[in-house]
Amino acid sequence: MKHFLDIHQTDPADLRSIIDNAATMKSSRLGRPRGAPDDEQPLKDHMVALIFEKPSTRTRVSFDLGVRQMGGQTMVLSGADMQLGHGETIADTARVLSRYVDLIMIRTFEEATLLEMAEYASVPVINGLTNRTHPCQIMADIMTFEEHSGPIKGKKVVWSGDGNNVFASFAHAAKAFDFELVFTGPQTLDPEAALNGLYTTERDPNKAVEGADLVVTDTWVSMHDPQSARERRHNQLRGYQVNDALMAKAKPDALFMHCLPAHRDDEVTSSVMDGPSSVIFDEAENRLHAQKSVMRWCLGK
């Protein structure tokens, strides 16, 4: 049984294989219509459950399309459609779904939900996002960086903003792929203590991005944050906006990434998002290819 729960729970050699296979699968599709099947159909006759307790654009579309391109079928379920956590235990839901499907992807709030699903499922489970980590996003980010700038090993990646779940997966990736990770943000929004030792901190964003090969940020607020929290976070993070002046302090060929959706002219200016350093839409596309490779790895295909 091979679950894909977090980057730090997956062998680095397997992570490298997933990235390399994703690049191969992407190149094999050049020029094809989006709905055209892959030459190989590793998910033929397979059913994949896609569970969403959180709203989603990229995760939903990329997983759904990826399964179809590889010959499988999807069953898209929302938390409101299921008994998940509403009377029936996560464990029993996992046992039941395992009788119907060959693979489960879940995008949920609590990490405990993901872990219980994986413990009791008899099919592989993929972490589509939790409040704590977002490993599929970072696999796409590594793939995107290497497409544009070559191997990420030894490169400098700077995260500006909130030490959130996406940053946590970047921290896990820094160890697995052997690159330098610098966090710049207010102390009140530091990453969780469990990540200590996987990154360094520089409070001054101008100093942090010096020599950076990649600058990354994420939204300052969650869709679930109350208005009071949104205002407080804006006040805390305003000095960490990624703008043209900040990018100018990075290497001339530095890339900019954002997992999207973005609040333009809050955490990042439109001029950076639409500028020559930005690879955000390549990054979004590569969610498809990276996740296809993750699914194949989970199923041994």
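See the structure printed just above.
Keep in mind it's a predicted model, so treat the numbers as computed, not measured. (Residues numbered from 1 in each chain as written. Predicted model: local features only at pLDDT ≥ 70, side-chain atom pairs only at ≥ 80, totals over all residues. Heavy atoms only, no water.)

### A short note on the overall build of the protein chain
The number of helices and strands found in the protein chain is 11 helices and nine strands. Here the C-alpha radius of gyration of the protein chain, 19 Å, is about what a compact globule of 301 residues would show, namely 19 Å. Seen through its C-alpha atoms, the protein chain measures out along the principal axes to roughly 55 × 45 × 35 Å. Scored against the burial criterion, the 301 residues of the protein chain give a buried share of 55%. Across the protein chain, the fraction of contacts at a sequence separation of at least 24, relative to all contacts at a separation of at least 6, is 71%. On the protein chain, roughly 13,000 Å² of surface is accessible, and the fraction owed to carbon and sulfur atoms is 49%. The distance from the centre of the 32 positive side-chain charges to the centre of the 42 negative ones in the protein chain is 2 Å. (Helix = DSSP H or I, 4+ residues; strand = E, 2+ residues; numbered from the N terminus. Rg over C-alpha atoms; globule rule 2.2 N^0.38 Å. Buried < 20%, exposed > 50% of the residue type's maximum accessible area, 1.4 Å probe, protein only. Contact = heavy atoms within 4.5 Å. Areas by Shrake-Rupley, 256 points an atom, 1.4 Å probe, with all protein chains shown as cover. Lys, Arg positive; Asp, Glu negative; His and termini not counted. Charge placed at Lys NZ, Arg CZ, Asp CG, Glu CD.)

### Quick look at the layout of surface pockets
Its volume calculated, the largest pocket comes out at about 780 Å³. Those elements that place two or more of their residues in the lining of the largest pocket are helix H2 (58–69), helix H6 (165–177) and helix H8 (227–237). Along the lines of polarity and charge, the residues of the lining of the largest pocket split into 11 nonpolar, 13 polar and 10 charged. In this structure, the second largest pocket is lined by 16 residues; those nearest its centre are Arg34, Leu65, Glu285, Leu288 and His289. Those elements that place two or more of their residues in the lining of the second largest pocket are H2 and helix H11 (280–299). Classifying every residue of the lining of the second largest pocket by side-chain character gives six nonpolar, four polar and six charged. (1 Å grid on protein atoms, 1.4 Å probe; cavity = no way out; pocket = protein on both sides within 12 Å on 5 of 7 lines; lining within 4 Å. Points joined across faces, edges and corners; volume = space filled by probe spheres on them. Nonpolar A, V, L, I, M, F, W, Y, C, P; charged D, E, K, R; others polar.)

### Overview of the pattern of salt bridges
Here the structure, examined in full by the defined rule, presents 16 salt bridges. Ionic pairing is found between Glu146 and Arg16, a salt bridge with its closest N-O pair at 2.9 Å. Remark: Arg16 occurs in helix H1 (residues 12–27) and Glu146 occurs in helix H5 (residues 135–149); sequence separation between them is 130 residues. For Arg16, a relative accessible area of 27% translates into the label partly exposed. (Salt bridge = Lys/Arg side-chain N within 4 Å of Asp/Glu carboxyl O.)

### Let's talk about the sheet that holds strand E1 (residues 47–52)
In any sheet, the strands associate via hydrogen bonds between backbone groups, in a parallel or an antiparallel arrangement. Pairing is parallel in the open sheet, where four strands are placed in the order E2-E1-E3-E4. At either margin of the open sheet sits one strand with a lone partner, and together these are strand E2 (73–78) and strand E4 (125–129). Mean inter-strand twist for the sheet, computed between neighbouring axes without regard to direction, equals 20°. Sheet topology note: the E1/strand E3 (residues 103–107) ladder contains five bridges and is parallel. (Pairing = 2+ DSSP bridges. Axes fitted to C-alpha atoms, helices over the stretch in contact; angles between N-to-C directions.)

### What about the sheet that holds strand E6 (residues 180–184)?
Across the sheet, which stays open at both edges, the five strands sit in the order E7-E6-E5-E8-E9 with parallel pairing between neighbours. Each edge of the open sheet is held by one strand with a lone partner, namely strand E7 (200–201) and strand E9 (255–258). Sheet topology places strand E5 (residues 156–160) next to strand E8 (residues 214–217); three bridges connect them, and they run parallel. Across the sheet, residue Val157 finds its bridge partner in E8, namely Leu214.

### What to know about the pairing of E9
Going residue by residue along E9, you find Leu255 and Met257 tucked away on one face and Phe256 and His258 tucked away on the opposite face as well. Relative to E9, E8 runs parallel, the two sharing four bridges. By the bridge assignment, Val216 is partnered in E9 with Met257.

### Notes on the side chain of His258
Looking at where His258 falls in the secondary structure, it is placed in strand E9. Polar contacts involving the side chain of His258 include one to the main-chain amide nitrogen of Leu260, which spans 2.9 Å. Within the local environment of His258, its side chain forms a polar contact with the side chain of Glu267, the two groups lying 2.8 Å apart. Apart from residues no more than four positions distant in its own chain, His258 is found in contact with Thr217, Asp218, Thr219, Glu267, Val268, Ile280 and Glu283. (Polar contact = N/O pair within 3.5 Å; in protein donor to acceptor, adjacent residues only side chain to side chain.)

### So, the side chain of Asn165
Structurally, Asn165 can be placed in helix H6. Within the local environment of Asn165, its side chain forms a polar contact with the backbone oxygen of Thr130, the two atoms lying 2.8 Å apart. Beyond its immediate stretch of four places on either side in the chain, Asn165 contacts Leu129, Thr130, Asn131, Arg132, Thr133 and His134.

### Notes on the nonpolar core
A general tendency of soluble globular proteins is for nonpolar side chains to be buried together. Ranked by size, the top nonpolar core spans 51 residues in total, and within it Phe4, Ile126, Met139, Phe170, Phe177, Phe179 and Leu181 carry the most contacts. Among the elements that make up this core, the one with the highest residue count is H6 (eight residues). Each residue touching Phe170, except ones within four places of it in the same chain, is listed here: Ile138, Asp141, Val157, Trp159, Phe179, Leu181, Leu214 and Val216. (Core = buried A, V, L, I, M, F, W, Y, C linked by side-chain atoms within 4.5 Å.)

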